[in-house]
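Chain by chain, the residues run as shown.
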Amino acid sequence: MQSLTDIRNLLEVRGLKPLKQFGQNFLHDQNQIRRLVEAAGIEPGDRVLEIGPGTGALTEALLEAGAEVIACEIDTGLADLVADRFGDQVQLVRGDCLGAGRRLSPDVEKVLGDEPWSLVANLPYQAASPVMVDLLMHQPRCRGQFVTIQKEVADRLLASPGEKARGPLGILASTFGTIERIGVIPPSCFWPQPKVVSAMVALRPLELEQEIDRQAYARFVTMLFSSRRKQLGRILGRDRRLPEGIEPSWRPEVLTNEQLIALFRLD
Ligand code: SAM
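Read on for an overview of the structure. Small disclaimer: the values here were computed from a predicted structure and weren't measured.

1. Here's the deal with the sheet that holds strand β3 (residues 68–73)
Strand pairing in a sheet is mediated by backbone hydrogen bonds. Such pairs are either parallel or antiparallel.
Inference 1: The mixed open sheet is built from seven strands, whose spatial order is β4-β3-β2-β5-β6-β9-β7. With partners counted over all chains shown, the strands left at the sheet margins are β4 (90–94) and β7 (177–185), one partner each. The average undirected angle you get between the axes of adjacent strands in this sheet is 20°.
Inference 2: Pairing analysis gives six bridges linking strand β6 (residues 142–150) to strand β9 (residues 198–205), with the strands arranged antiparallel.

Now the structure itself:
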């Protein structure tokens with residue numbers, strides 16, 4: 001287990017400093033790391049993708065739980081550190097976890113191959129939303145996502161119809177998955193301390209009773225919410241037929257997932 005002093009030393013001996021541009025806030029609270037690994041329910045031999053291993057505090061805990069770890073690190077200094085510390089215990093992909101169109105990078109996909117895997121990560125804040133949506137929409141072999149993210153993003157994931165935080169992220173996540181808040185993490189658990197509170201969430205894929213064109217649905221929801229203050233009648237045109245029970249005067253944020261799908265299917 002890495003203490004805060006260990007993390008500082010690991011960086012210092014390599015002349016590294018936490019980089020804001022890569023969202024480097026290292027999680028040093030052992031209880032929180034343990035909680036994340038436990039929530040993921042890792043069994044020996046399970047394959048885990050860790051995005052941003054950093055100094056390897058979570059990586060170590062995943063290996064101790066018996067996981068086969070595939071890690072992707074963008075920072076060359078930290079990637080070297082991970083390679084030196086873990087050698088071939090970890091399959092390391094160097095570079096950005098996101099490729100063209102903010103989709104999971106083909107280099108990472110290649111290493112993940114055809115077997116099931118889970119994401120367990122303290123996600124860099126810039127990559128959190130695109131990674132989570134892409135895995136849910138396009139990676140059927142991903143069995144679940146167990147991640148630390150900004151609390152504000154967790155609130156958006158969990159927002160109910162009518163709430164201000166309701167938007168495409170939460171709608172897509174709750175249509176194609178189930179979301180559980182594991183807990184809230186105060187800034188003091190990280191170094192350097194972020195300005196905002198974090199949260200730990202589990203996002204598990206859900207099989208739909210009736211499959212829909214996920215990409216087209218995502219485009220439809222995004223289009224509706226790009227005019228979230230407007231009424232449906234103005235966004236879709238007054239002549240547009242609406243499913244029973246939906247009024248043209250309503251705003252997109254009040255619609256339930258079922259109503260949104262019904263509206264999409266009438267499109
Ligand atoms: N896992 C470590 C921990 O729990 O303390 C570090 C987490 S830190 C919040 C985010 C990590 O993601 C950093 O190591 C950072 O360099 C890396 N990172 C940032 N953007 C990335 C990207 N687009 N692709 C891969 N790694 C990225």
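2. What about the side chain of E60?
Inference 1: Among the structural elements, E60 can be located in helix α3 (residues 57–64).
Inference 2: The exposure class of E60 is buried, given its relative accessible area of 14%.
Inference 3: A polar atom in the side chain of E60 sits 3.0 Å from the backbone nitrogen of M1.
Inference 4: With residues up to four places along the chain from it excluded, the contact list for E60 reads M1, Q2, R85 and F86.

3. Re the pairing of β3
Inference 1: Among the six residues that make up β3, five are buried, leaving the element largely enclosed by the rest of the structure.
Inference 2: Across five bridges, strand β2 (residues 47–51) lies against β3 in parallel orientation. Along β3, the bridge assignment pairs V48 with V69.
Inference 3: Between the parallel elements β2 and β3, the chain passes through α3 in a crossover that is right-handed.
Inference 4: Taken together, the five bridges between β3 and β4 define a ladder with parallel strand orientation.

4. With respect to unusual backbone geometry
Backbone geometry follows two general trends: most residues other than glycine have a negative phi, and most peptide bonds adopt the trans configuration.
Inference 1: The residue after W191, namely P192, is reached through a cis peptide bond having omega -15°.
Inference 2: Look at R102: it is not a glycine, yet its phi comes out positive at around 55°.
Inference 3: Among the structural elements, R102 can be located in the loop between β4 and α5 (106–112).

Reading the values: the criteria
Residues numbered from 1 in each chain as written. Predicted model: local features only at pLDDT ≥ 70, side-chain atom pairs only at ≥ 80, totals over all residues. Heavy atoms only, no water. Pairing = 2+ DSSP bridges. Helix = DSSP H or I, 4+ residues; strand = E, 2+ residues; numbered from the N terminus. Axes fitted to C-alpha atoms, helices over the stretch in contact; angles between N-to-C directions. Buried < 20%, exposed > 50% of the residue type's maximum accessible area, 1.4 Å probe, protein only. Polar contact = N/O pair within 3.5 Å; in protein donor to acceptor, adjacent residues only side chain to side chain. Contact = heavy atoms within 4.5 Å. Right-handed = clockwise from strand over helix to strand, strands pointing away.

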